[in-house]
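# Per-entry structural report
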Amino acid sequence: MAAPPPSAPGEPAPPPPPQPQPLQYSLLLQHLVGDKRQPRVWDPAVFGGIPCPPKSEEQKMVERVMESCPFKAALACVGGFVLGGAFGIFTAGIDTNVGFDPKDPYRTPTAKEVLKDMGQRGISYAKNFAIVGAMFSCTECVVESYRGKSDWKNSVISGCITGGAIGFRAGLKAGVIGCGGFAAFSAAVDYYLR
């Protein structure tokens, strides 16, 4: 590379090349944490996640309905009815006394009598399971709304309330035992599922 030609004695010297400006941290901080900070839009696809569009008003409304206490209680009631009915029919199917008449124990029951007995037991179990499911779900939702937290204590408290309410029909001692038993069962189920 050739050296620049020397300047003539009467000419001014060429200006030196511009020096880079030093980094001013105050300007950088204003852009990072100050007033000039721009909100960053996070795209889940960049991080390998599944991109999801923002929720519409209809989706938000459906979420609010599905997270409401009446919906949870109704869902638990229907689920308890179905589960209780299936459990009742199953237990009636393995019970050897279904359809037998206590007045005439040596008579063989007809298929119609056996099915009628199985249906009655299934309906009875279904009603009981539906009531217990609705009570537990409703009290758990109310306790969760009151506490403002979603943890294992909600199921223990609602189990105690539900068991106590069911047991108090038979007296104070049965209510206390029902409260403790239901709370322990709820804690065990919650521990196993979480």
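Since the model is a prediction, treat every value here as computed from it, not as a measurement.

Once that is clear, we can look at the state of the cysteines. Per the counting criterion, the structure on display carries 2 disulfides. Residue pairing for Cys 160: its cysteine sulfur links by disulfide to Cys 179, the two sulfurs lying 1.7 Å apart. What sets the handedness of the Cys 160 and Cys 179 disulfide is the S-S torsion sign, and at about -60 degrees it is left-handed. Here Cys 179 lies in helix H6 (residues 172–193) and Cys 160 lies in helix H5 (residues 152–167), a separation of 19 residues in the sequence. The partly exposed category is assigned to Cys 160, whose relative accessible area is 25%. Assessed through its relative accessible area of 17%, Cys 179 is described here as buried. Numbered in order of appearance, the disulfide-bonded cysteines of the protein are paired 1-2, 3-4. Cys 138 takes part in no disulfide bond, and the closest cysteine sulfur to it belongs to Cys 69, at a distance of 6.2 Å.

Counted under the stated rule, the structure contains 2 aromatic pairs. Between Phe 87 and Tyr 125, the ring centres sit 5.8 Å apart and the planes meet at 40 degrees, which makes this aromatic pair tilted. A residue pair is termed long-range when its members are at least 10 positions apart, and Phe 87 in helix H3 (residues 69–94) and Tyr 125 in helix H4 (residues 111–147) qualify at 38 residues. In this structure Phe 87 comes out as partly exposed when scored by relative accessible area, which is 39%.

What follows concerns H6. With 22 residues, H6 extends 31 Å from end C-alpha to end C-alpha; this agrees with the ideal 32 Å at 1.5 Å per step. Among the residues of H6, Gly 175, Gly 178, Cys 179, Ala 183, Ser 186 and Asp 190 are the ones counted as buried. With its buried residues spanning 125 degrees around the axis, H6 presents them on a single face. Exposed side of H6, more than 90 degrees from the buried face: Lys 173, Ile 177, Phe 185, Tyr 191 and Tyr 192 are the residues found there. On the buried face of H6, the contacting elements are H4 and H5.

A contiguous nonpolar surface patch, about 550 Å² in accessible area, is contributed by Met 61, Val 62, Val 65, Met 66, Phe 71 and Leu 75. Mapped onto the nonpolar patch, the elements with two or more residues apiece are helix H2 (57–66) and H3. No other element matches H2, which puts 4 residues into the nonpolar patch. Inspection of the secondary structure puts Leu 75 in helix H3.

Running from N to C, H3 and H4 cross one another at 150 degrees; their axes reach a closest spacing of 6 Å. With respect to each other, H3 and H4 are oriented roughly antiparallel. Of the two possible hands of crossing, H3 and H4 adopt the one that is right-handed. Grouping the amino acids of the contact of H3 with H4 by side-chain chemistry returns 19 nonpolar, 10 polar and 3 charged.

Procedures and definitions
Residues numbered from 1 in each chain as written. Predicted model: local features only at pLDDT ≥ 70, side-chain atom pairs only at ≥ 80, totals over all residues. Heavy atoms only, no water. Disulfide = S-S within 2.5 Å. Helix = DSSP H or I, 4+ residues; strand = E, 2+ residues; numbered from the N terminus. Buried < 20%, exposed > 50% of the residue type's maximum accessible area, 1.4 Å probe, protein only. Phe/Tyr/Trp six-rings, centres within 6.5 Å; stacked < 30°, edge-to-face > 60°. Expected span 1.5 Å × (residues − 1). Arc of directions from axis to C-beta. Contact = heavy atoms within 4.5 Å. Patch = residues over 30% accessible without salt bridge, like charges linked within 9 Å, V, L, I, M, F, W, Y side chains within 5 Å. Areas by Shrake-Rupley, 256 points an atom, 1.4 Å probe, with all protein chains shown as cover. Salt bridge = Lys/Arg side-chain N within 4 Å of Asp/Glu carboxyl O. Axes fitted to C-alpha atoms, helices over the stretch in contact; angles between N-to-C directions. Parallel < 35°, antiparallel > 145°, perpendicular 65-115°, else oblique. Left-handed = near helix turned anticlockwise from the far one by under 90°. Nonpolar A, V, L, I, M, F, W, Y, C, P; charged D, E, K, R; others polar.

By themselves these figures say nothing about function.
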